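# Working through the structure, step by step
For reference, the chains in residue letters:
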Amino acid sequence: MNKWFKTDNEILQFLINFFLIEILGHIAIYLVCLLFRIFGMPQLYLFMYSSPLIHHITFTLFLLIAITLSVMNILQRRKE
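My aim in this report is to walk through the structure given alongside it, one point at a time.

Rules used throughout
- Residues numbered from 1 in each chain as written.
- Predicted model: local features only at pLDDT ≥ 70, side-chain atom pairs only at ≥ 80, totals over all residues.
- Heavy atoms only, no water.
- Helix = DSSP H or I, 4+ residues; strand = E, 2+ residues; numbered from the N terminus.
- Buried < 20%, exposed > 50% of the residue type's maximum accessible area, 1.4 Å probe, protein only.
- Contact = heavy atoms within 4.5 Å.
- Salt bridge = Lys/Arg side-chain N within 4 Å of Asp/Glu carboxyl O.
- Patch = residues over 30% accessible without salt bridge, like charges linked within 9 Å, V, L, I, M, F, W, Y side chains within 5 Å.
- Areas by Shrake-Rupley, 256 points an atom, 1.4 Å probe, with all protein chains shown as cover.
- Axes fitted to C-alpha atoms, helices over the stretch in contact; angles between N-to-C directions.
- Parallel < 35°, antiparallel > 145°, perpendicular 65-115°, else oblique.
- Left-handed = near helix turned anticlockwise from the far one by under 90°.
- Nonpolar A, V, L, I, M, F, W, Y, C, P; charged D, E, K, R; others polar.

### Points about the environment of Ile21
- With respect to the secondary-structure elements, Ile21 resides in helix α1 (residues 10-38).
- Of the residues examined, Ile21 reaches a relative accessible area of 18% and is grouped as buried.
- The contacts of Ile21, once residues within four sequence positions are left out, are Phe62, Ile65, Ala66 and Leu69.

### Some remarks on the pattern of salt bridges
- The tally for this structure, following the rule as stated, stands at one salt bridge.
- A salt bridge links Arg77 to Glu10; the shortest N-O distance between them is 2.6 Å. Taken as a pair, Arg77 in helix α3 (residues 54-79) and Glu10 in helix α1 lie far apart in primary sequence, 67 residues in all.

### Comments concerning a nonpolar patch on the surface
- A contiguous nonpolar patch, built from Val32, Leu35, Phe36, Ile38, Phe39, Met41, Leu44 and Phe47 and spanning about 780 Å² of accessible area, is present on the exposed surface.
- Listing elements by their share of the nonpolar patch, those giving two or more residues are α1 and α2 (43-50).
- Considering every element that reaches the nonpolar patch, the biggest residue donor is α1, with four residues.
- If you trace the backbone, Leu44 turns up in helix α2.

### As for the packing of α1 against α3
- Viewed as axis vectors pointing N to C, α1 and α3 meet at an angle of 140 degrees, and their least axial separation amounts to 9 Å. Between α1 and α3, the angle falls in the class oblique. As for how α1 packs across α3, the hand of that crossing is right-handed. For the pair α1 and α3, the contacting residues are Glu10, Gln13, Phe14, Asn17, Phe18, Ile21, Glu22, Gly25, His26 and Ile29 in the first and Thr58, Phe59, Phe62, Leu63, Ile65, Ala66, Ile67, Leu69, Ser70, Asn73, Ile74 and Arg77 in the second.
- A class-by-class count of the residues in the contact of α1 with α3 yields twelve nonpolar, seven polar and three charged.

Encoded structure:
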């Protein structure tokens, strides 16, 4: 991400990372569920879209990934 956006603003980098991770993560989850549904296993698809907490769980997971990337970038920048 740092190669595409040349900025020292950590908050902006975090927001961009989080947005991209959130969008790509939800697309990947949807495609995996759809793939399982196409091949005759609709249980995962039904579970994902019937559970009210699954969106909170995926949001939290993607937020943790974005925070981890931001902390790693900050620590890497401090070493330099």
